[in-house]
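Report on the structure
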Amino acid sequence: MKQIMLAHGGGGEETQKLIKELFFKYFNNEILISMEDSAVLNINSKVAFTTDSFTISPIFFSGGDIGKLAIAGTVNDLSVMGAKPLYLSCSFIIEEGFPFEDLEKIVKSMAEELKKTGTLIVTGDTKVVPKGFVDKIFINTSGLGKVVYEGVSAHNLSEGDSVIVSGTVGDHGACIMAQREGIDMQTDLISDCDSVWTLVEDLIKGNVKIKAMRDPTRGGLSAVLNEWAECSKVEIEVLEEKIPVKPQVQGLCELLGLEPYVLANEGRIVVAVSKEDTEKALEILGKNPLGKDAQLIGKVNSKGKKRVILKTSYGSLRIMEPPAGEILPRIC
C-alpha cells in the first residue's frame, strides 16, 4: 500500500510530485498551478477573512470526512458574515505512513465540496511529520470572501427580532460521538456537514433583513444564542418544542445525559431577522433542500438581561446555560 513518507514534505522531488499529481489534479486553477510563493488576488470590495484548523476523530464519518469538513467549515464562516466565499488557502500536516489512498479520498471530497460554491483553493502547504507526532492528518484552511450583505453582527439584536434555525440541531456532534464510541443507534445518523452559502444567498436575494447569523459549530445552538444575548445585551426566549431535533439525536442525548442544544452542527445556520421578515425568511429557507426543516424557535424579549430563557414543553422556564468544559473532544 502506498503511504505518505517524510520525503513528501521535504520540498524536493517527492513534494513536487505530490503537489502536481494529487493536489493539482483536484484543486486545479490558474492561480494555484502558477506555483508562486503567494497568490495574487483581485477583490474590489470589502472582504471577510477567516481561518480554522480541523483535527476531527474519526477522520472519516457518516456524511463526510475531515476534508469536506474543512471546506464547509471555512466557507460557512464566511457565508454567515454575508460574504460570498471566493478563495481558500489549505495546509496539510500529515503523519508519516498515512495511506495515500486515504489522502486522495480526502482531497477528492474537498474538491467536490468546493464545486458547490465555486470557491477556489489558491495557495497551500504540506508538511509531513514523523509517526506519532500528529494523529493521522490535520488540515488548516483560511478563507476570503466578498462581502455582499453588510452589517451582520452579534451586536445587532433588538426587542421583537425572531430567531430561526435552518434545520435540526446537534446532528454532527451526535454522529461523531456515536461513531467514535461505537454506539449502534440502529438507524441512519449522519452529520449535517455541508456548505450553507446557498441558504444565505437565498435570504439576501429575498431582501430579508438579516440582523445576525452564525453557524452553530462547537457549543452548538446554546453557544450562539448566549453569545448573541451577551453581545446585544438582550434576553432571548426560546421554545423548546420548536427546536427541531432528530429522534436519534435526542435518544443519544438522553442515553448520555447531554442536551442537543450544545452539540455541534456543520451545515446549519442560526439567523436573527426583524419580526416583519419572519415568514418570508422561513418560506425562503424552506424552498432550499438545506433549509427544509427550518423553524422559528424564539424571539428577543428585552434589553439588559443578557441571558437565554428556555421555555419547556411543560410551560416552565429555565436558563439555557452556555456550554462549559470539554463536551465532546475533536468534533471538528
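Here's a quick rundown of the structure.

Procedures and definitions
- Residues numbered from 1 in each chain as written.
- Predicted model: local features only at pLDDT ≥ 70, side-chain atom pairs only at ≥ 80, totals over all residues.
- Heavy atoms only, no water.
- Salt bridge = Lys/Arg side-chain N within 4 Å of Asp/Glu carboxyl O.
- Buried < 20%, exposed > 50% of the residue type's maximum accessible area, 1.4 Å probe, protein only.
- Pairing = 2+ DSSP bridges.
- Helix = DSSP H or I, 4+ residues; strand = E, 2+ residues; numbered from the N terminus.
- Axes fitted to C-alpha atoms, helices over the stretch in contact; angles between N-to-C directions.
- Phe/Tyr/Trp six-rings, centres within 6.5 Å; stacked < 30°, edge-to-face > 60°.
- Lys NZ or Arg CZ within 6 Å of the ring centre and 35° of its normal.
- Polar contact = N/O pair within 3.5 Å; in protein donor to acceptor, adjacent residues only side chain to side chain.
- Contact = heavy atoms within 4.5 Å.

1. Digging into the pattern of salt bridges
On inspection of all chains with the given rule, the structure shows 18 salt bridges. In this structure, the salt-bridge partner of K136 is D135, at a minimum N-O distance of 3.3 Å. Judged by relative accessible area, which is 40%, K136 ranks as partly exposed. D135 gets classed as partly exposed once you look at its relative accessible area, which sits at 30%. K280 is the salt-bridge partner of D277, the closest N and O atoms lying 4.0 Å from each other. The buried category is assigned to D277, whose relative accessible area is 11%.

2. So, the sheet that holds strand β12 (residues 307-311)
Within a sheet, each strand pairs with its neighbour through backbone hydrogen bonds, oriented either parallel or antiparallel. Strand order in this open sheet of seven strands is β8-β10-β7-β11-β9-β12-β13, and the pairing throughout is mixed. Either end of the sheet is taken by a strand with one partner, and the two such strands are β8 (210-214) and β13 (317-319). Neighbour-to-neighbour, the strand axes of this sheet turn through a mean angle of 25°, independent of strand direction. Pairing between β12 and β13: three bridges, direction antiparallel. The partner of K311 across the bridge, within β13, is L317.

3. Topic: the pairing of strand β6 (residues 137-147)
Where strand β1 (residues 47-54) and β6 come together, eight bridges link them in antiparallel fashion. What sits directly across from S53, in β6, is N140. In this sheet, β6 lies alongside strand β4 (residues 83-95) in antiparallel orientation, the contact comprising 11 bridges. The residue of β6 that forms the bridge with K84 is K146.

4. Quick word on the packing of aromatic side chains
Taken as a whole and judged by the stated rule, the model has two aromatic pairs. When the ring of F23 is compared with that of F27, the centres are 6.3 Å apart and the planes differ by 0°; the resulting orientation is stacked. Of this pair, F23 and F27 are both found in helix α1 (residues 13-27), four residues apart, which corresponds to roughly one turn of the helix. Sitting over the face of the ring of F100, K2 holds its NZ or CZ atom 4.2 Å from the ring centroid. Sitting above the plane of the F60 ring, K105 keeps its charged end 4.5 Å from the centroid.

5. Considerations on helix α5 (residues 171-181)
Burial analysis of α5 places eight of its 11 residues in the buried class, the great majority of the element. Restricting attention to buried positions, one finds in α5 the residues D171, H172, G173, A174, C175, I176, M177 and A178. Count one or two residues on from α5 and you reach G182, which has phi positive near 70°.

6. Some details on the side chain of S195
Of note, S195 is situated in the loop between α5 and α6 (197-205). On the accessibility criterion, S195 (4% relative accessible area) is buried. At 2.7 Å, the side chain of S195 forms a polar contact with the side chain of E113. If we ignore the near neighbours within four places in the chain, the residues touching S195 are A72, V75, N76, E113, T117 and L290.

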